[in-house]
Amino acid sequence: MMDRTKLNVNELEIVLFKRNEKEYISLTDMAKFRDSERSDYIIQNWMRTRNTIEFLGLWEVLNNPDFNSIEFDGFRNESGSNSFTLTPKKWIQATNSVGIFSKPGRNGGTFAHKDIAFEFASWLSPTFKLYLITEYQRLKEIETNQYNLEWNVKRILSKTNYHIHTDAVKNYILPAKNYEKDKEWIVYAEEADLLNVALFNCTAKDWRDANPELVNNSMNIRDVASINELAILSNLETINAQMIKEKLEKKERFYKLKEIARYQLLVLNEKDFIKAIKKLNDSIYLDKTKKLK
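A brief look at the structure comes next. Just so it is clear, the structure is predicted and the values come from calculations on it, not from any experiment. (Residues numbered from 1 in each chain as written. Predicted model: local features only at pLDDT ≥ 70, side-chain atom pairs only at ≥ 80, totals over all residues. Heavy atoms only, no water.)

1. Some details on the overall build of the protein
Working step 1: In terms of helices and strands, the protein carries 13 helices and five strands.
Working step 2: Taken over 293 residues, the protein has a buried fraction of 39%.
Working step 3: In the protein, once contacts between residues fewer than 6 apart in sequence are set aside, the share between residues at least 24 apart is 59%.
Working step 4: Surface summary for the protein: the accessible area is close to 18200 Å², and the carbon and sulfur share equals 50%. (Helix = DSSP H or I, 4+ residues; strand = E, 2+ residues; numbered from the N terminus. Buried < 20%, exposed > 50% of the residue type's maximum accessible area, 1.4 Å probe, protein only. Contact = heavy atoms within 4.5 Å. Areas by Shrake-Rupley, 256 points an atom, 1.4 Å probe, with all protein chains shown as cover.)

If you want it as structure tokens, here you go:
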């Protein structure tokens with residue numbers, strides 16, 4: 001099954017297919033940048049060059065165990081002569097290529113793996129290649145943001161179901177230790193536990209020791225954290241990284257992180273954090289007055 005979408009490069013629509021979990025871009029659409037009436041001719045001119053054949057052959061060697069290298073050697077030896085021609089169909093049938101495929105029909109054409117498509121774009125025009133890569137990256141950012149939104153929503157729903165089943169939001173035990181008074185642990189603490197104590201007031205190990213039943217259910221201290229706590233934890237990771245760059249000692253970083261955690265938790269606990277989760281695209285978000293689009 002193939003998933004189809006479109007890239008818009010300088011008002012030129014270029015189809016992108018996902019085939020067997022790999023992305024292929026339409027060379028036929030790309031060739032229209034050079035000549036909208038003779039796209040097949042443009043592709044054949046590109047494929048007949050020795051540099052192109054060597055690039056295609058190397059890509060297949062690296063990615064296709066069934067590649068016919070004998071036929072490839074024949075094409076490489078013939079390339080450069082005035083009489084040599086090579087079509088996508090001939091290349092695919094002779095070498096058993098997986099980097100390029102042809103699709104018949106109204107929405108058909110010649111498609112190539114994105115690595116090969118970017119090489120074709122370089123041959124067409126360096127400027128066109130930059131526009132194509134920019135548009136491709138924009139699409140990837142949208143897809144990544146969609147995934148992150150879905151992941152966050154699923155995590156929220158999972159946490160909500162856990163709280164409903166247990167009939168208690170804080171159905172776990174916090175270890176009875178005074179981490180601020182006993183400072184020896186700081187010396188040996190990993191950075192993750194430095195953040196855990198600053199925010200949750202316990203190390204991951206101490207939490208696991210106090211909650212064996214939850215551990216048996218593959219849960220950890222962050223799985224039972226509130227949404228606000230998870231947001232603060234992300235902030236603390238960034239702040240801690242910056243303080244490490246500034247070469248602040250671990251003890252000093254701990255007290256600064258704990259102070260920041262207390263303040264941010266106080267602020268966020270006054271807000272409904274679920275409403276703040278949204279995509280980069282402001283038209284798609286969660287809100288009680290809107291639907292998830």
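2. Things to note about helix α5 (residues 88-95)
Working step 1: Of all the positions in α5, only Pro88, Trp91, Ile92 and Thr95 are classed as buried. Down the axis of α5, the smallest arc covering the buried residues is 95°, so these residues share one side. For α5, the exposed residues lying more than 90 degrees away from the buried face are Lys89 and Gln93.
Working step 2: Taken together, the buried residues of α5 touch α2 (39-47), α3 (50-63), α4 (69-78), β4 (100-103) and β5 (109-113).
Working step 3: Positive backbone phi, approximately 60°, marks Asn96, located one or two places after α5. (Arc of directions from axis to C-beta.)

3. A short note on the side chain of Asn240
Working step 1: With respect to the helices, strands and loops of the structure, Asn240 is situated in helix α12 (residues 227-245).
Working step 2: What makes Asn240 buried here is its relative accessible area of 3%.
Working step 3: Apart from residues lying up to four places away in sequence, Asn240 is in contact with Glu191, Leu194, Leu195, Arg253 and Leu257.

4. Things to note about the pattern of salt bridges
Working step 1: As enumerated under the stated definition, the model contains 10 salt bridges in all.
Working step 2: Note that Asp35 is salt-bridged to Arg38, the shortest N-O span being 3.4 Å.
Working step 3: Accessibility expressed as a relative area gives 21% for Asp35, which makes it partly exposed. (Salt bridge = Lys/Arg side-chain N within 4 Å of Asp/Glu carboxyl O.)

5. So, the environment of Tyr41
Working step 1: Along the chain, Tyr41 falls in helix α2.
Working step 2: Each C-alpha atom, one on Tyr41 and one on Thr28, is 9.8 Å from the other, the two residues being 13 residues apart in sequence.

6. Some remarks on the packing of aromatic side chains
Working step 1: For the structure on display, the rule yields 13 aromatic pairs.
Working step 2: Taken together, a centroid distance of 5.8 Å and an interplanar angle of 50° make the contact between Phe67 and Phe72 tilted. Comparing Phe67 with Phe72 shows no difference in burial state: the two are buried.
Working step 3: Pairing Phe75 with Phe84 gives two aromatic rings, centres 6.5 Å apart and planes at 50°, and the pair type is tilted.
Working step 4: Within the aromatic cluster, the residues linked to one another by ring pairs are Phe67, Phe72, Phe75, Phe84 and Trp91.
Working step 5: Directly above the ring of Phe101 sits Arg19, whose terminal nitrogen or CZ lies 4.0 Å from the centroid.
Working step 6: Stacked on the ring of Tyr41, the Lys or Arg Arg38 has its end atom at 4.5 Å from the ring centre. (Phe/Tyr/Trp six-rings, centres within 6.5 Å; stacked < 30°, edge-to-face > 60°. Lys NZ or Arg CZ within 6 Å of the ring centre and 35° of its normal.)

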